[in-house]
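Given next are the chains, with one letter for each unit.
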Amino acid sequence: MRHFKDQVAVHRAKSVAGAYTSHRDWENASVVWSGLAAVHPDRAFEYRSPERETSQIRQMVYLPADAVIEATDRIVISGQPFEVEGEPLPWQHGSLRHIQVKAWRARR
């Protein structure tokens, strides 16, 4: 599809029990979906904190309607892992059905 030009992968990790709480085992994550998507910077949310000297990179990712993704997954875009923010939103109307995902990571 001509609108989807960016290669992305969706990674999923199992939850493992720790000493006090459970966490995701991202070292042994598996790819649950890989393919073309549309990735656009979400500049409205770019924020720089002078106290912490960090900022966030936020992306709007539009996946094909048949993509497999959950709120606990990570999206790898250009080799960089991004966290999924909130629930993925399926768009089932019109001619271009898709799933909208907000993704973010800390800029270093």
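The structure presented is a predicted model; accordingly, all values stated were derived computationally and were not measured.

Asker: Sorry, what's going on with the overall build of the chain here?
Answerer: Scanning the chain for helices and strands turns up 0 helices and 9 strands. Start at the N end of the chain and walk to the C end: the helices and strands fall as β-β-β-β-β-β-β-β-β. Across the 108 residues in the chain, those meeting the buried criterion constitute 31%. When the accessible area of the chain is evaluated, it comes to approximately 7,500 Å², of which 50% is carbon and sulfur surface.

Asker: Quick question: what am I supposed to make of the nonpolar core here?
Answerer: If you look at soluble globular proteins, the nonpolar side chains tend to sit buried side by side. Counting residues in hydrophobic clusters, the biggest one holds 17 residues, and the most contacted among them are Val 8, Val 61, Leu 63, Ile 69, Ile 75, Ile 77 and Val 101. Beyond its immediate sequence surroundings of up to four residues, Ile 69 is in contact with Val 10, Arg 12, Leu 63, Ile 75, Val 84, Pro 88, Ile 99 and Val 101.

Asker: Explanation requested: the pairing of strand E9 (residues 98-107) in the structure shown.
Answerer: Every regular strand shows the same layout, with side chains that alternate between the two sheet faces. Sheet topology places strand E8 (residues 80-91) next to E9; 6 bridges connect them, and they run antiparallel. Its bridge partner being in E9, Glu 85 is matched across the sheet by Lys 102. Hairpin connection of E8 to E9: 6 residues between the antiparallel strands, including Gly 94 at a positive phi of 80 degrees.

Asker: For this particular structure, what's the right way to read the confidence of the model for the chain?
Answerer: Residues shown with low pLDDT carry predicted positions that ought not to be read at fine detail. For the chain, per-residue confidence averages 88 on the pLDDT scale, and 87% of positions sit at 70 or higher. Looking across the chain, the model is least confident in strand E5 (residues 48-49), with a mean pLDDT of 58, and most confident in strand E1 (residues 6-12), with 97.

Asker: What should I look at first to understand the environment of Val 8 in this one?
Answerer: Note that Val 8 resides in strand E1. A sequence separation of 73 residues divides Val 8 from Pro 81, and the C-alpha atoms of the two residues are 9.9 Å apart. Residue contacts for Val 8: discarding those within four places in its chain leaves Trp 33, Ser 34, Gly 35, Ala 37, Val 39, Leu 63, Ile 75, Val 76 and Ile 77.

Asker: Just to check I follow, could you spell out the side chain of Asp 42 for this structure?
Answerer: For Asp 42, the location among the structural elements is in the loop between strand E4 (30-41) and E5. Of the side chains bearing the opposite charge, Lys 102 lies closest to the buried Asp 42, which forms no salt bridge; the N-O distance is 5.8 Å. Every residue in contact with Asp 42, bar those within four places of it in the chain, is listed here: Arg 58, Gln 59 and Met 60.

Asker: Looking at this structure, I do not really get the pattern of salt bridges. What am I missing?
Answerer: Any two side chains of opposite charge can pair, so long as their charged atoms come close to each other. Tallied over the entire structure, the rule returns 4 salt bridges. A salt bridge links Glu 70 to Arg 12; the shortest N-O distance between them is 3.8 Å. Of this pair, Glu 70 sits in the loop between strand E6 (54-64) and strand E7 (74-77) while Arg 12 sits in strand E1; the two residues are 58 residues apart in sequence, bridging distant segments of the chain. The salt bridge partner of Arg 58 is Glu 85, with a shortest N-O separation of 2.3 Å.

About the thresholds
- Residues numbered from 1 in each chain as written.
- Predicted model: local features only at pLDDT ≥ 70, side-chain atom pairs only at ≥ 80, totals over all residues.
- Heavy atoms only, no water.
- Helix = DSSP H or I, 4+ residues; strand = E, 2+ residues; numbered from the N terminus.
- Buried < 20%, exposed > 50% of the residue type's maximum accessible area, 1.4 Å probe, protein only.
- Areas by Shrake-Rupley, 256 points an atom, 1.4 Å probe, with all protein chains shown as cover.
- Core = buried A, V, L, I, M, F, W, Y, C linked by side-chain atoms within 4.5 Å.
- Contact = heavy atoms within 4.5 Å.
- Pairing = 2+ DSSP bridges.
- pLDDT = per-residue confidence, 0-100.
- Lys, Arg positive; Asp, Glu negative; His and termini not counted.
- Salt bridge = Lys/Arg side-chain N within 4 Å of Asp/Glu carboxyl O.

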